[in-house]
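Each chain, written out:
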Amino acid sequence: MISLSKQEIINLNIKNSDIKKWVKEAFLSKKYSNLPHKISQTFNDGKNFYNTMPAIMPTIDSAGVKIVSRYSERKPTIKGDILLYSLGGGELLSVMDATWITSKRTGAVASLAVETFAKKDYKSIAIIGLGETGKSFLDMFIAKEENKNKHIKLMEYKDRANAVNKYLNSKGIHNISICSTYEELIKDSDVIVSAVT
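Remember, predicted model here, so these are calculated numbers, not experimental data. (Residues numbered from 1 in each chain as written. Predicted model: local features only at pLDDT ≥ 70, side-chain atom pairs only at ≥ 80, totals over all residues. Heavy atoms only, no water.)

Draft legend 1. How the structure looks around the environment of His-174. Take His-174: it is sitting in the loop between α5 (160–170) and β9 (176–179). Classification of His-174 as exposed rests on a relative accessible area of 57%. Separated by 25 residues in sequence, His-174 and Asn-149 place their C-alpha atoms 8.4 Å apart. A polar side-chain atom of His-174 sits 3.4 Å from a polar atom in the side chain of Asn-169. (Helix = DSSP H or I, 4+ residues; strand = E, 2+ residues; numbered from the N terminus. Buried < 20%, exposed > 50% of the residue type's maximum accessible area, 1.4 Å probe, protein only. Polar contact = N/O pair within 3.5 Å; in protein donor to acceptor, adjacent residues only side chain to side chain.)

Rendered as structure tokens:
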């Protein structure tokens, strides 16, 4: 059994293009999988929770469960772990941190949704929420070369937009606007992505 921390997963240097490919493959194999609804348990007047998300995917001989907890006084507030099993033999293959994986998977899902559902030849995209999920979405979005020329509009929040702007500039993206109101952000935007909890 392998145990993987968040940093050990990051150190694997997995390409964003591979993550998007794997997420797309998972969507396409959904009809062969068993994905029941998550079980949510809240306590302390709803401040804290445990979410349990099981899955069985015969196409990759895997079964597993992701458990996400929220403790309002803990840093980080939300933390998750994944248990991965061999479906054929039932052996526990890995226990791994779910933080980075969840962020990247969520970003890939949003990026694939834009590719699938956005109107043809859209020019601008507005992003609300520039935490880990918003940044992961942008990483997945700019992994597609043609998206590097889109007008990216960022909603200002706690100076995160400036940091994301610098990050995108370092990736060769310069057609960026930082907006201070939702009206400014949404006006003339062809696609709107919300990456807030």
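Additional details are given in the paragraphs that follow.
Draft legend 2. Spatial organisation of helix α4 (residues 132–142). Most of α4 sits out of view: eight of its 11 residues are buried. Of the surrounding elements, those touching the buried residues of α4 are α2 (16–28), α3 (99–117), β7 (124–128), β8 (151–155), α5 and β10 (191–194). (Contact = heavy atoms within 4.5 Å.)

Draft legend 3. Broad picture of α2. Look at α2: 18 Å from first C-alpha to last across 13 residues, which is about the 18 Å you get at 1.5 Å a residue. For α2, the full list of buried residues reads Ile-19, Lys-20 and Val-23. Along α2, the residues classed as buried sweep out an arc of 100° about the axis, all on the same side. Contacts from the buried residues of α2 go to α3 and α4. (Expected span 1.5 Å × (residues − 1). Arc of directions from axis to C-beta.)

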